[in-house]
Number of protein chains: 4
Amino acid sequence: MENLAEKKKAILESTLALVKVNGFHGTPMSMVAKKAGVAAGTIYHYFESKDSLIFELYSYLKQQAIQVVRESQKPDATYQERFFALWFAFYTYYTSNPSVLCFFEQFVNSPYAEKAKSIPSELDELLHAFFEEGINSGQLRPVAPQILSMLAHGNAISLAKVYGIGKLNLATADLELVVQILWDGMSQKTSEINS
Amino acid sequence: MENLAEKKKAILESTLALVKVNGFHGTPMSMVAKKAGVAAGTIYHYFESKDSLIFELYSYLKQQAIQVVRESQKPDATYQERFFALWFAFYTYYTSNPSVLCFFEQFVNSPYAEKAKSIPSELDELLHAFFEEGINSGQLRPVAPQILSMLAHGNAISLAKVYGIGKLNLATADLELVVQILWDGMSQKTSEINS
Amino acid sequence: MENLAEKKKAILESTLALVKVNGFHGTPMSMVAKKAGVAAGTIYHYFESKDSLIFELYSYLKQQAIQVVRESQKPDATYQERFFALWFAFYTYYTSNPSVLCFFEQFVNSPYAEKAKSIPSELDELLHAFFEEGINSGQLRPVAPQILSMLAHGNAISLAKVYGIGKLNLATADLELVVQILWDGMSQKTSEINS
Amino acid sequence: MENLAEKKKAILESTLALVKVNGFHGTPMSMVAKKAGVAAGTIYHYFESKDSLIFELYSYLKQQAIQVVRESQKPDATYQERFFALWFAFYTYYTSNPSVLCFFEQFVNSPYAEKAKSIPSELDELLHAFFEEGINSGQLRPVAPQILSMLAHGNAISLAKVYGIGKLNLATADLELVVQILWDGMSQKTSEINS
DNA sequence: TATGAATGAGACTTCATTCAT
DNA sequence: AATGAATGAAGTCTCATTCAT
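Residues numbered from 1 in each chain as written. Chains lettered and ligands numbered in written order. Predicted model: local features only at pLDDT ≥ 70, side-chain atom pairs only at ≥ 80, totals over all residues. Heavy atoms only, no water.

**Brief notes about the overall build of chain A**
For the record, the criterion: Under the scheme used here, helices are H or I runs from DSSP no shorter than 4 residues and strands are E runs no shorter than 2 residues, and both carry numbers assigned from the N terminus. Should any heavy atoms of two residues lie within 4.5 Å, those residues are counted as being in contact.
Of regular secondary structure, chain A possesses 11 helices and 0 strands. Written out in order from the N terminus, the α and β elements of chain A read α-α-α-α-α-α-α-α-α-α-α. With the C-alpha coordinates of chain A rotated into their principal frame, the extents come out at 65 × 35 × 30 Å. Nonlocal contacts in chain A, meaning residues at least 24 apart in sequence, comprise 70% of its contacts between residues at least 6 apart.

Laid out in structure tokens, this is it:
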């Protein structure tokens, strides 16, 4: 990621920043060019079209997210610890990079997402594997991994949005509580106690 | 809502359907007009501008959602029953009306949402009150109502999306399980057991 | 003019008032309708089209102007007195009815005027006759009546505009002076003295 | 003015020509584009909007007019000679450039003029100074310079219009006569003789 | 007569994309 | 590689006019 041409990166980052404020369609290429400090035509040396730019930005950011998730995982930690680390990795990534969260949310809810579906998502596979492991090792309830993945990820996103809105000060203690809620709900142990 | 002028309703419903497929900006007014069976200019008798149309559609749908939520609540049910009913009301509404879910998700993640923020949301207030009641009556953990609301609502949306993607068949049993997970996580009882 | 249908007159007057503020093309028929207190369709009972409305308004006002000019002429006054009266009639009419002046100026400088040219103008004939009389009786220099007419009328309009701009307070004395200038310039007597 | 981009100038000149025939609102941007030999969008590289185009054209032409007036003034001529030169400069400019006269007349009588009022007019100042000089040197009657300016300028315009209508052949002799009339009316000498 | 909802052609303007330099 | 002027299709919106009531 670091060896991207300077300008290409500038274009991607400019797009990211502008989309947060203006949305996809409120962000003309000329605006991206200006912010990136390049000419409009230059963008077309690096990207085939605007759609292509959006898609590449999506991939670029998804790789970043994967990196963040990967780095959060210590091999010698317990599963629960790794779950907590995973959740906080997402939460921290999104709150530290609100424009990324904003971009993702716009992307997945746009017609773009439909076209991107075909591309196999490394991140999805990674999460799928993580939750499958939890189920197989008897630490998570036997629910489809996709569901668990969606619940956990969706939960982190929800919280990051609450934080982003700024109406609430979310202390670390609050967050711990929320993840605990989530873990309690998903873990096999609770399930057994309640039954 | 039922006494809206025929044409106005047709325009709103056409917009809803088209936005799901094409997104806001992939849906020109001419397309809305055609689908609604009116002339392009006619839309401007009912709506000041395209933005105004989007906003009114948002309000219109939010009223529908409130209606659905309200109808789900039986006064003589227990709090937990009402919580389940609430969650299923959302889930059912979104899965039965995928275009509404799609519209909401596009809306809240677009620059439109910023402008709509100032408008006090009846739905938010309703949910806030519901969760506050749960906390005050000692049935829910003492977490900020906004957070609980976001978690529960976000959770229903997440599931509805999983369903919408169609990759998974979510049996009622699966759903019950998920809501149970959610409830277990949020309820005071579980909290006590675990501590 | 007084026996015009109430509504027809209301439409004409509304148009006049609105054109002053917004110009021809900033004055949609719907706006005229609203100000006149009638429905948009009603205008088309009285006028064939917008152009037709403009033309009829022009005629209507021109008749008014003729009336004003006619009434200013006392048969037993001297020619110079009648000239002064004529000039003041115009000046007073325009300053008392700034929207009329504004309308005329817009009209004669618009493509409408081209089409109206064919219509013989009673006002022009009246002025032509007046100045011809002055020349024939040896009181005015032998210049083409059209020129004299244009000079005198244009002069009154110029002054009315100065007044309308409001930057200057034109006392009656000032005006007398200006007309005197005009008369001095046009009269045969001055011509002789200077030669 | 000469170093304006080729295309910008073509757009301005095309607008001028078309406005004469069709008026402001009968001249769509597409028509301007066609006549100027550029694409519609190109106009918007040079002008922010149609209004902006009209305003810039107004400024552009006013600069031309100032140039013409300036060039007519020989420092070593008498005041009367300079007055005659000034008047003829206007008259000649307007009759040689009927579309400019037409544009000015449309402009000053349109709602545009209201917005342009705030801009201090170099031409007005120039004329004001010229007439003030005449008054102070005792060669013109002591009337407000604005009035004298309006009278002289309005007079030249009136004549140019008579010429433009084409009904009359105005020989140089005729014109000399008219300016003489004007000068006689405005000059102090005549004033003294008559009193 | 009067209404005003409906029409749809056409205006202004934007912007993704190209291409000569 | 980079530029940015130029393009023109397409979008939003206006408004003169019609017509069923």
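**A look at the UniProt feature "domain: HTH tetR-type" (unreviewed entry) in chain A**
How we decide: UniProt positions are given in the numbering used here, feature names are shortened, and annotations may be inferred rather than shown by experiment.
Under the feature "domain: HTH tetR-type" (unreviewed entry), the UniProt entry names residues 5–65 of chain A. As a span, residues 5–65 of chain A carries 79% helix and 0% strand, and end to end its C-alpha atoms are 20 Å apart.

**A look at the interface of chain C and chain D**
Heads up, the rule is: Simply put, the buried area is the total loss of 1.4 Å probe accessible area from both parts when two parts are fitted together. Within this document, salt bridges are pairs made up of a side-chain nitrogen of Lys or Arg and a carboxyl oxygen of Asp or Glu, the two lying within 4 Å of each other. N or O atoms within 3.5 Å of each other form a polar contact, as long as, within protein, one can give a hydrogen and the other can take it, and as long as residues adjacent in sequence are counted only when both atoms are side-chain atoms. Polar here means any residue other than Ala, Val, Leu, Ile, Met, Phe, Trp, Tyr, Cys and Pro, which are nonpolar, and Asp, Glu, Lys and Arg, which are charged; Gly is therefore polar.
Listed by partner, the interface residues are 34 residues for chain C and 33 residues for chain D. A buried area of about 3,100 Å², summed over both sides, lies between chain C and chain D, and 71% of it is on carbon and sulfur atoms. For chain C, the biggest contributors to the area lost against chain D are N109, M150 and I181 of chain C; these three give 19% of the whole. Along the contact surface separating chain C from chain D lie 2 salt bridges. Ionic pairing is found between R141 of chain C and D184 of chain D, a salt bridge with its closest N-O pair at 3.0 Å. At the boundary of chain C and chain D, one finds 4 residue pairs in polar contact (both at pLDDT 80 or more). Elements represented by at least two residues in the side of chain C that touches chain D include exactly α1 (6–22), α6 (98–108), α9 (145–165), α10 (172–186) and α11 (188–194) of chain C. Examining the composition of the side of chain C that touches chain D, we find that 10 residues originate from one element, α9 of chain C, more than from any other. Residues of the side of chain C that touches chain D, tallied by class, amount to 16 nonpolar, 13 polar and 5 charged.

**A word on the relation of the copies chain C and chain D**
Under the convention used in this document: Superposing copies: least-squares fit, C-alpha atoms only, residues required to have pLDDT of at least 70 in both.
For these two chains of identical sequence, chain C goes onto chain D by a turn of 180° and a shift of 0.0 Å along the axis, with RMSD 0.1 Å. The superposition of one copy onto the other is thereby described by a two-fold rotation axis. Proximity to the rotation axis, assessed at the C-alpha, singles out G185 of chain C in chain C; its C-alpha lies 2.3 Å from the axis. In this assembly the copies share their binding face: 97% of the residues contributing to the interface of chain C also contribute to that of chain D.

**Thoughts on the protein's contact with DNA strand F**
Cut-off, in case you're wondering: Here a residue counts as near a molecule or strand whenever at least one of its heavy atoms sits within 4 Å of it.
Close contacts around DNA strand F come from 27 residues, with T42 and Y46 of chain A, M29 of chain C together with T42 and Y46 of chain D the closest. Sugar and phosphate atoms represent 68% of those atoms of DNA strand F found within 4 Å of the protein. Between a phosphate oxygen of DNA strand F and a side-chain N or O atom of T42 of chain D, the distance comes to 2.4 Å. When contributions to the surface near DNA strand F are tallied by element, the ones reaching two or more residues are α3 (40–46) of chain A, α3 (40–46) of chain B, α3 (40–46) of chain C together with α3 (40–46) of chain D. Counting residues per element, the surface near DNA strand F draws most heavily on α3 of chain A, which supplies 5 residues. Per-class residue counts for the surface near DNA strand F are 13 nonpolar, 10 polar and 4 charged.

**Let's talk about the protein's contact with DNA strand E**
Near DNA strand E you find 28 residues, and of these M29 of chain A, T42 and Y46 of chain B, T42 of chain C together with K50 of chain D are the closest. Within 4 Å of the protein, the contacting atoms of DNA strand E are drawn from sugar and phosphate to the extent of 68%. A39 of chain C is positioned with one of its backbone polar atoms (N or O) 3.1 Å from a phosphate oxygen of DNA strand E. Between K50 of chain D and DNA strand E, the recorded distance is 2.5 Å, taken from a side-chain N or O atom to a phosphate oxygen. Looking at the surface near DNA strand E, the elements that each hand over two or more residues are α3 of chain A, α3 of chain B, α3 of chain C together with α3 of chain D. The element contributing the most residues to the surface near DNA strand E is α3 of chain C, with 5 residues. Looking at side-chain class alone, the surface near DNA strand E contains 13 nonpolar, 11 polar and 4 charged residues.

**A few points about the interface of chain A and chain B**
The interface is formed by 33 residues belonging to chain A together with 34 residues belonging to chain B. Both sides together, the interface formed by chain A and chain B hides about 3,100 Å², and carbon and sulfur atoms give 71% of it. The three residues of chain A that bury the most area against chain B are N109, M150 and I181 of chain A, which together make up 19% of that side's buried surface. Between chain A and chain B we count 2 salt bridges in total. In this assembly, chain A and chain B are joined by 5 residue pairs in polar contact (both at pLDDT 80 or more). Ranked by the residues each element gives to the side of chain A that touches chain B, the list is headed by helix α9 (residues 145–165) of chain A, at 10 residues. Per-class residue counts for the side of chain A that touches chain B are 16 nonpolar, 12 polar and 5 charged.

**Remarks on the side chain of S14 of chain B**
Residues and elements named next belong to chain B. The condition that has to hold: Relative accessibility thresholds used throughout: buried, under 20% of the residue-type maximum; exposed, over 50%; partly exposed, between the two (1.4 Å probe, protein chains only).
Structurally, S14 is set in helix α1 (residues 6–22). Given the relative accessible area of 6%, S14 is considered buried. If near-sequence neighbours (up to four positions away) are discounted, S14 is found in contact with V32, K35 and A36.

**Overview of the packing of aromatic side chains**
All names here are of chain D. Note the cut-off: Stacked, tilted and edge-to-face pairs are distinguished by plane angle, under 30 degrees for stacked and over 60 for edge-to-face with tilted covering the rest, among Phe, Tyr and Trp rings (Trp via its six-membered ring) whose centres lie within 6.5 Å.
Using the criterion set out here, one finds 83 aromatic pairs over all chains in the structure. Centre to centre, the rings of Y58 and F107 are 3.8 Å apart; their planes meet at 10°, and the pair counts as stacked. Linking Y58 in helix α4 (residues 50–72) with F107 in helix α6 (residues 98–108), this pair joins segments that are 49 residues apart in sequence. Here Y58 and F107 have matching classes, each one buried.

**Observations regarding the domain arrangement of chain A**
All names here are of chain A. This is how it is decided: Boundary definitions for the domains trace back to an automatic or database domain assignment.
Once the domains are mapped, chain A shows domain 1 (1–47) and domain 2 (51–194). Domain 1 and domain 2 are separated by 27 Å when their C-alpha centres are compared. Taken together, the contact between domain 1 and domain 2 spans 16 residues of the former and 18 residues of the latter. Of the roughly 1,500 Å² buried at the junction of domain 1 and domain 2 (both faces included), carbon and sulfur atoms supply 79%.

**Remarks on the relation of the copies chain A and chain B**
In the superposition of chain A on chain B (RMSD 0.1 Å, axial shift 0.0 Å), the rotation amounts to 180°. Of the interface residues in chain A, 100% have counterparts in chain B that sit at the interface too, so the contact is made through matching surfaces.

**Let's talk about the environment of E6 of chain C**
Along the chain, E6 of chain C turns up in helix α1. C-alpha of E6 of chain C to C-alpha of A39 of chain C: the two residues are 33 residues apart in sequence and 14 Å apart in space.

**Concerning the state of the cysteines**
Condition: Throughout, disulfides are identified as pairs of cysteine sulfur atoms within 2.5 Å of each other.
Under the criterion given, the structure shown has 0 disulfides over all chains. With no disulfide of its own, C102 of chain B lies 16 Å from the sulfur of C102 of chain A, the closest cysteine sulfur. According to the relative accessible area criterion, C102 of chain B is buried, its value standing at 19%.

**Considerations on the packing of α1 of chain C against helix α2 (residues 29–36) of chain C**
All names here are of chain C. Cut-off, in case you're wondering: Here an angle of 0 to 180 degrees is reported between the N-to-C directions of two axes, which are lines fitted to C-alpha atoms, with helices fitted over the stretch in contact. These descriptions rest on fixed angle ranges, namely under 35 degrees for roughly parallel, over 145 for roughly antiparallel, 65 to 115 for roughly perpendicular, and the rest for oblique. Each crossing gets its hand from how the near helix is turned against the far one by less than a right angle, where anticlockwise is left-handed and clockwise is right-handed.
Following both chains from N to C, one finds α1 and α2 inclined at 125°, their axes separated by 9 Å at the closest point. If you check the angle between α1 and α2, you find them oblique. Helix-helix and strand crossings are classified by hand; for α1 and α2 the assignment is right-handed. Counting all contacts with α1, which are made through A10, I11, S14, T15, A17, L18 and N22, the residues of α2 involved are M31, V32, K35 and A36. In terms of residue class, the contact of α1 with α2 is made up of 7 nonpolar, 3 polar and 1 charged.

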